[in-house]
Amino acid sequence: MKKGSETELNGRSAWNLIDRDAAETLATEYMSVISDAKTEREFVQSAVVVAQAAGYKPADALSAAALPSGGKLIFVNRGKNAVVVRLGRKPMSDGVNIVAAHVDAPRIDIKQNPLFESTGLGLFQTHYYGGIKKYQWVTIPLALHGVIYDKNGSKLELHIGETPSDPVFNISDILPHLGQAQAEKKLGEAIPGEALDVIVGHVPMDADGDKTPVRTSVLRTLAKQFSIDERAFAASELEFVPAMKPREVGFDRGLMLAYGHDDRICAYTALRALLDQKQVPERTEIVFLADKEEIGSDGDTGMQSEFLELVLEKLLEDSVAATTCRKVFWKSVALSADVDAGLDPNYLDLFEAANAATVGNGIVVTKFTGSRGKSSANDASAETLHKVLTILDGAHVPWQVAEMGKVDIGGGGTVAKFLSKRGIETLDAGPALLSMHAPGELASKADLYACYLAYKAFLEKARAS
Ligand code: MN
Ligand code: MN
């Protein structure tokens, strides 16, 4: 395994290379943001607040009006995807520097006709979102976040289960005494997707002849508290997320246990890196906050949608540069800012140690993702790697190189290939996590800070080839 010598690639702890006080300050801010922002919509809302505090102005890519002055802009796409832009001195025809991260995270979504009653309990039918290990999501306290329209057509934003006086929600699991057959199943099959029904009520209506008095009671409560009827669920986006606040881990508090580090740790550090730029940059700098990465980057708010094109076209309209979106892309550079798997001390055999990331050893630079022969990978070029690593060294950013796990044992994708498809020179870079996609993921405060430094240096210094 790693010896941790000063000269060995991948072997140095980032803790010895960073400003620990600055890392601590950033960690406190970050944990406070993700404590409240647990959905893509909530993260985009908090990004708008943070950006506006830094002088960024909301802009509309579809409006015929000129862009707000000052060159600090934030474009929001349907509340779930945002593009934050700092205009540079050079024309856009020189290309732009992009850091793209995603703001959606694995969770349990409710179905559109969710409510039913069984065994004296009111329950919601659900369909999980993203790659979860289902057994991790049962028996833990869940909060309900999301959007639903009330009887009058007003949009309600629900946020239930986050304060100590709120109720939480819960998925039951069978007791070990009766779980023998379950225990003999494969882990991935032990809890079927249809067994992720969430308990939402228990106290029946006091009415004779009602065969589903708990269901009736839940509906009455919803009508009374929120003016919601059953039809409202058909037009809702409601998400069960862990009702857990971020916590520091270990006697020395160096790790953060939280829901949604994937990928809000990158989204927040990228955003902060852009907002903290003091001077007008040479090249235009963009932070792209994508939705839908966990289900393939599809949809009109995902990286595969053309919101980036729409924003660029608007910026070009307002500039003197005679160029096209495609020409801008071909001179642009991007980091696909997403998390990687850290070496897990309990599962070392799944990693090839020399090319695995260690939590706390700095930002992980990943040439390719994908699986089984690099299938579906962006596979960055040597030139791009050289360029980015030179920038990181120049800014004294701790980094390591890695791929996710041993060859042929699995894999995963990021938004990288959807950036590079556009002709943007792209590289994956983000922190290593433990327990990725679990209700509580672990990240290092040192890596959080390394990512911030890396994204800041990249936005300032990257140039097209
Ligand atoms: Mn991710
Ligand atoms: Mn993920």
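Residues numbered from 1 in each chain as written. Chains lettered and ligands numbered in written order. Predicted model: local features only at pLDDT ≥ 70, side-chain atom pairs only at ≥ 80, totals over all residues. Heavy atoms only, no water.

## Observations concerning the layout of surface pockets
For clarity, the cut-off: The rule is simple: put a 1 Å grid over the protein atoms alone, call a set of points where a 1.4 Å probe fits but cannot get out a cavity, call an open set with protein on both sides within 12 Å along at least five of seven lines a pocket, and count a residue as lining if it has an atom within 4 Å of a point. Grid points are joined across faces, edges and corners, and a volume is the space filled by probe spheres set on the points. In this description a helix means any DSSP run of H or I spanning at least four residues, a strand means any run of E spanning at least two, and both kinds are numbered starting from the N terminus.
Empty space within the second largest pocket amounts to approximately 370 Å³. Lining the second largest pocket are 18 residues, with Phe 169, Val 200, Thr 221, Leu 222 and Gln 225 positioned closest to its centre. Put simply, the parts of the chain that give the lining of the second largest pocket at least two residues each are strand S8 (155-160), strand S9 (198-201) and helix H5 (213-226).

## Observations regarding the coordination of the manganese ion (ligand 1)
To keep it simple, the criterion reads: Only nitrogen, oxygen and sulfur atoms within 2.8 Å of the metal, or 3.2 Å for Na, K and Ca, are treated as donors, and water is left out, so sites may look incomplete. When accessible area is computed with a 1.4 Å probe and restricted to protein chains, residues below 20% of their type maximum are described as buried, those above 50% as exposed, and intermediate ones as partly exposed.
Protein coordination at the manganese ion (ligand 1) comes from His 102 (NE2), Asp 262 (OD), Asp 338 (OD) and Asp 338 (OD), with a distance range of 2.1 to 2.5 Å. When the donors of the manganese ion (ligand 1) are listed by position in the chain, the intervening gaps give H-x159-D-x75-D. Here the manganese ion (ligand 1) and the manganese ion (ligand 2) are spaced 3.3 Å apart, and both take Asp 262 as a donor. Of this pair, Asp 262 sits in helix H6 (residues 261-275) while Asp 338 is found in the loop between strand S14 (333-336) and strand S15 (340-341), placing the two residues 76 residues apart along the sequence. Asp 338 carries the same exposure label as Asp 262, and that label is buried.

## Quick notes on the domain arrangement of the protein chain
Applicable threshold: The domain boundaries here were taken from an automatic or database domain assignment. Values labelled buried area give the accessible surface lost by two parts on being combined, using a 1.4 Å probe and summing over both. Think of a salt bridge as a Lys or Arg side-chain nitrogen and an Asp or Glu carboxyl oxygen that are within 4 Å of each other. A 3.5 Å cut-off defines polar contacts: any pair of N or O atoms within that distance qualifies, except that in protein one atom must be a possible hydrogen donor and the other a possible acceptor, and neighbouring residues in sequence count only when both atoms are side-chain atoms. Gly falls in the polar group here, along with every residue not listed as nonpolar (Ala, Val, Leu, Ile, Met, Phe, Trp, Tyr, Cys, Pro) or charged (Asp, Glu, Lys, Arg).
Annotation of the protein chain at the domain level lists domain 1 (6-105 + 259-461) and domain 2 (108-242). Taken over C-alpha atoms, the centre of domain 1 sits 33 Å from the centre of domain 2. For the domain 1 and domain 2 pair, buried surface summed over both sides reaches about 1500 Å², with 48% attributable to carbon and sulfur atoms. A salt bridge links Glu 237 to Lys 80, with the nearest nitrogen and oxygen atoms 3.0 Å apart. Viewed at the interface, domain 2 and domain 1 are joined by 9 residue pairs in polar contact (both at pLDDT 80 or more). If you list the elements that add at least two residues to the side of domain 1 that touches domain 2, you get helix H1 (20-36) and helix H2 (40-53). When residues in the side of domain 1 that touches domain 2 are grouped by element, the largest group, 4 residues, is from H2. Here the residues of the side of domain 1 that touches domain 2 are counted per class, giving 5 nonpolar, 4 polar and 11 charged.

## Things to note about the sheet that holds strand S7 (residues 142-149)
Strands pair in a sheet through their backbones, by hydrogen bonds, and they do so in one of two ways: parallel or antiparallel. Keep this limit in mind: We treat two strands as partners when DSSP finds at least two bridges between them. In this analysis, axes come from line fits to C-alpha atoms, helices being fitted only over the stretch in contact, and the angle between any two N-to-C directions falls in the range 0 to 180 degrees. Whether two residues are in contact is decided by their heavy atoms, any of which lying within 4.5 Å being enough.
Strand order in the open sheet formed by 6 strands is S8-S7-S10-S5-S6-S9, with antiparallel pairing between adjacent strands. The open sheet terminates on both sides in strands that have one partner only, identified here as S8 and S9. In this sheet, adjacent strand axes meet at a mean angle of 30° when their direction is disregarded. Bridge count for S7 against S8 is 6 bridges, and the pairing is antiparallel. Each residue of the ladder has a partner; that of Ile 148, found in S8, is Leu 156. Here H2 sits on the sheet and contacts strand S5 (107-118), S7, S8 and strand S10 (237-242); the angle it forms with S8, its principal contact strand, is near 100°. Of the strands in this sheet, S5, strand S6 (121-129), S8 and S9 touch H5, which is tilted by about 125° from S5.

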